[in-house]
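Breakdown of the fold
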Amino acid sequence: MTQRIRVQARRRLVNVLLVPVLAIASGLVVASLFILLTPTPPLEAYGIMFTAGFGCEEIGRCALLTTLERSTPLVLTGLSAVVAFRSGMFSIGQEGQFVVGATLAAWIGYTLPLPPVLHPVFILVLAVIGGGAYGFIPAILKVKLAVNEIISTIILNSLAVLFMTYLVNFPMRADAGSTARSPLIAESAVLPSFLPGSQWGVGWVLAVGAVVGVLFLLWRTVAGYEQRMAGQAPAFARYGGVQSGRAAIRGMIISGGLAGLAGGIEVLGVSHQIVPGFSSGLGFDGVLVAILGLVHPIGVFFVAILFAGIRLGAQLGLQVSAQIPRELGGGILALIILFVSAQNLYVDLIDRVRNRFSRRGTTTDD
Amino acid sequence: MIEFTIDTFVVEMLRSGIRLATPIILAAIGAALCHRAGVLNFAIEGKMLFGAFFGIVAAFWLGNSYLGVAAALIGGGIIGALFALFYLRYRVDLIILALAINLFISAMTVFFLRVSFGAFGSWTDPSIEQLPDIHLPLIESIPVLGRLLSGHNLVIYLSWVAAIAAWLVLFRTKFGRHIRAVGENPEAAESVGINAARVKLFVLVTSGSLAAAAGAFLSVGHLTLFTSDMSNGRGWLGITAALFGLNNPIFVFLAGLFFGVADALAVRLPTVTHIPPSLIQFLPNLSALLALVLVGLRGPIRTRLARRRRRGRRGAGAGIESLPPTGPPATPTIS
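Parameters at a glance
- Residues numbered from 1 in each chain as written.
- Chains lettered and ligands numbered in written order.
- Predicted model: local features only at pLDDT ≥ 70, side-chain atom pairs only at ≥ 80, totals over all residues.
- Helix = DSSP H or I, 4+ residues; strand = E, 2+ residues; numbered from the N terminus.
- Buried ≥ 20, exposed ≤ 12 C-beta atoms within 10 Å, placed from the backbone.
- Contact = placed C-beta atoms within 7 Å.
- Expected span 1.5 Å × (residues − 1).
- Bend = angle between axes of the 7 residues up to and from the residue.
- Core = buried A, V, L, I, M, F, W, Y, C linked by C-beta atoms within 7 Å.
- pLDDT = per-residue confidence, 0-100.
- Nonpolar A, V, L, I, M, F, W, Y, C, P; charged D, E, K, R; others polar.
- Axes fitted to C-alpha atoms, helices over the stretch in contact; angles between N-to-C directions.
- Parallel < 35°, antiparallel > 145°, perpendicular 65-115°, else oblique.

1. Regarding the overall build of chain A
Across its full length, chain A carries 14 helices and zero strands. Starting at the N terminus, the α and β elements of chain A follow one another as α-α-α-α-α-α-α-α-α-α-α-α-α-α. Counting across all 366 residues of chain A, residues that qualify as buried make up 53%. For chain A, long-range pairs separated by at least 24 residues make up 77% of all intrachain contacts whose partners lie at least 6 apart in sequence.

2. Digging into the overall build of chain B
From N to C terminus, chain B includes 12 helices and four strands. In chain B, the proportion of contacts linking residues at least 24 apart, taken out of those at least 6 apart, comes to 74%.

3. Topic: helix α11 (residues 249-272) of chain B
In an α-helix, one full turn covers 3.6 residues, which means residues spaced three or four apart are oriented alike. Helix length check: α11 of chain B, at 24 residues, gives a terminal C-alpha distance of 34 Å against a target of 34 Å (1.5 Å per residue), a fit within 8%. Approximately 30° is the largest bend angle found in α11 of chain B, and it occurs at Ala266 of chain B, with the proline Pro270 of chain B only one to four residues beyond.

4. Here we look at the nonpolar core
Formed by 221 residues in total, the largest nonpolar core has its most connected members in Ala304, Ile336 and Ile337 of chain A together with Ala27, Ala28, Ile29 and Ala213 of chain B. Non-local contacts of Ile337 of chain A, meaning those with residues more than four positions away in its chain, are made with Leu288, Ile291 and Leu292 of chain A together with Ile96 and Ala100 of chain B.

5. Considerations on the environment of Ala127 of chain A
Residues and elements named next belong to chain A. Along the polypeptide, Ala127 turns up in helix α5 (residues 118-145). Note on Ala127: 31 C-beta atoms within 10 Å, which makes it buried. If we ignore the near neighbours within four places in the chain, the residues touching Ala127 are Gly101, Leu104, Ala105, Gly260, Leu261, Gly263 and Gly264.

6. Quick word on the confidence of the model for chain B
Residue and element names in this part refer to chain B. Scored by pLDDT, chain B comes out at a mean of 85, with 89% of its residues at no less than 70. Below pLDDT 50 for its whole length, residues 315-335 participates in 26 contacts with residues either more than four positions away or in separate chains. Across the predicted assembly, pTM comes out at 0.85 and ipTM at 0.85.

7. Some remarks on the interface of chain A and chain B
As a measure of interface size, the accessible area lost when the parts come together is often cited. Facing 37 residues of chain A, the contacting portion of chain B comprises 39 residues. Within the residue set of the side of chain A that touches chain B, elements represented by two or more residues are α5, α6 (149-169), α11 (285-292) and α13 (328-341) of chain A. Looking at which element gives the most residues to the side of chain A that touches chain B, the answer is α6 of chain A, with 11 residues. Class assignment for the residues of the side of chain A that touches chain B results in 26 nonpolar, 10 polar and one charged.

8. What about unusual backbone geometry?
Phi at Ala146 of chain A is positive, roughly 55°, even though this residue is not glycine. Of the residues examined, Ala146 of chain A has 15 C-beta atoms within 10 Å and is grouped as partly exposed. Backbone geometry at Thr224 of chain B places phi at a positive 55°, although glycine is not the residue there. Within the element layout of this structure, Thr224 of chain B appears in the loop between α9 (196-223) and β4 (226-227).

9. Focus: the packing of helix α7 (residues 202-220) of chain A against helix α8 (residues 222-232) of chain A
Helix-helix packing is characterised by the crossing angle of the two axes and by the distance between the axes. All names here are of chain A. Where α7 meets α8, the axes come as close as 5 Å, and the angle between the chain directions of the two elements is 75°. Considering their axes alone, α7 and α8 lie roughly perpendicular with respect to each other. Facing α7, whose interface residues are Leu217, Leu218, Trp219 and Arg220, α8 presents Gly224, Gln227 and Arg228. Its residues assigned to classes, the contact of α7 with α8 shows three nonpolar, two polar and two charged.

10. Observations regarding the environment of Val212 of chain A
Residue and element names in this part refer to chain A. Mapping Val212 onto the fold places it in helix α7. What makes Val212 exposed here is the crowd of 12 C-beta atoms within 10 Å. Sequence separation between Val212 and Ile249 is 37 residues, and the spatial gap between their C-alpha atoms is 21 Å.

What follows is the structure, encoded as structure tokens:
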């Protein structure tokens, strides 16, 4: 009996690890058909892409560090999506919450003079609160009025972006002459980086801390347990005395806070100001990272690095060295997600292969 | 003289509002059909972008803009059918599928633009002709209304026809009843012999075609060029407008028009006032959110009213206990 359980657990682990690997491989194979349209052969192109995205020749020109820096907002928005999904809210409002956090950070960053360490801490706390408050809106609408959270978060995203565009064009505009942008934040508010010439720094450490925090919250606390139950089996949770509405609201506040933190870190650590269209690259990346990371914090951490690396490799490697449009990176990621979402195909395939090679009746039970 | 310019300003703004509303309306009618069948179609944004790209490329290849629009209609329908295949046959999660398709189309249109035409960001060719405006003989001569209703291109009229046709299909035909039945309760619909898969295939193909037509309107009908990500959130606005219009094609049409006119205002008002354009674009989004809240409030309020009425009667000792229990009304699955 115990052996059977162990076999099953092992099989699940194999599926969890094998499915993304197969999906990535399939995505790369299909994308190579598109590379055939360009002068560079696919294998060479992939070599260039991965060196430019993940390579690290010397500490001064280390692509991997840039990838880690760029993975920071993806890790945080991905975690934001994980927490929301796990509490039963299919929120795609990360972009709006990110924009709220970023706008607050940019605003406090240049208006409020504070001493060095206190300044970024205060700003990030405010960004978390702002994002959390913005995440609270769809949650309360869903719980009290049954308003579909997907739709409300889409609308809230465009509201946040429009409002940010207004702020940057008018009250927060740095100077009337040039293009619309907010003033640079004060030196005291900048998040320090580890190496000169790189922006990989404290922000990334905070993101890693958030991974650990979400892991702990969801799997080691009662609140997290309620959260997951409310997300996975609402009826069971209600029967067990969990107030699934409250769990969903709590989940959305945390989710919004994480996305707001992402916005704050992006401004304090990387961009130091906001401009119109500041968040347009972000879009649904957080949701996609969460899905590709199998809605798990650890998965999100690695998938965010993969995402950032492929994007960077496509930008610096494919486009600059191989004359292949960098958008192929987005195409590859989309294909990988397509293959992950069709994972039932793989699970069937893996099971069939395993059945062929397994002895005894370990495969009959399900 | 002043009166004349204000009049021209308003009419011109409304005309531009109609033009800006057209892609939103087409997308919204497709979305409303999907919602009625209980399908949340988030790929509309991507299909619109695909239509914009494929429409102008087909117009270039075939040397005719009308053929370009037709090709976009067919292409969008095929993508909708593929979408339905993955969803119905392979049980792929529809939302994940849609987000992946949106990302794929957004990336690959730019990729092909550069690989096939060597264009960076945007592309056009002098041989591509804009869709001509059609002047309606009699209506044209009506004073103000004529300038609003006449002189638009084919796709604009198509969006009006689509709204009416969708309303007729949904509320005046047996097939429309089937669509609504599948949306409200798929099991019950199946149990009385309605083919739910066929209904879903129909709405996905139709919404794909309509979204692609919206895209073709942007590229062939409006600007005669393609730029990267030129759908620019209009597909999402369409989904919002569908919900704002309670998935009733006529209301959806008006909601789309509201979005379009607000866009036109945002473009034109800054020339005469000091109201910032992004705040005007705020309006339709904010009203959509308020509409959702109102739709949500409708349920609890109705229940409370019914309860109060029942209690009142019981208090008065009328003895009528036979009022049907008015729970929250059967709200459509997507509201």
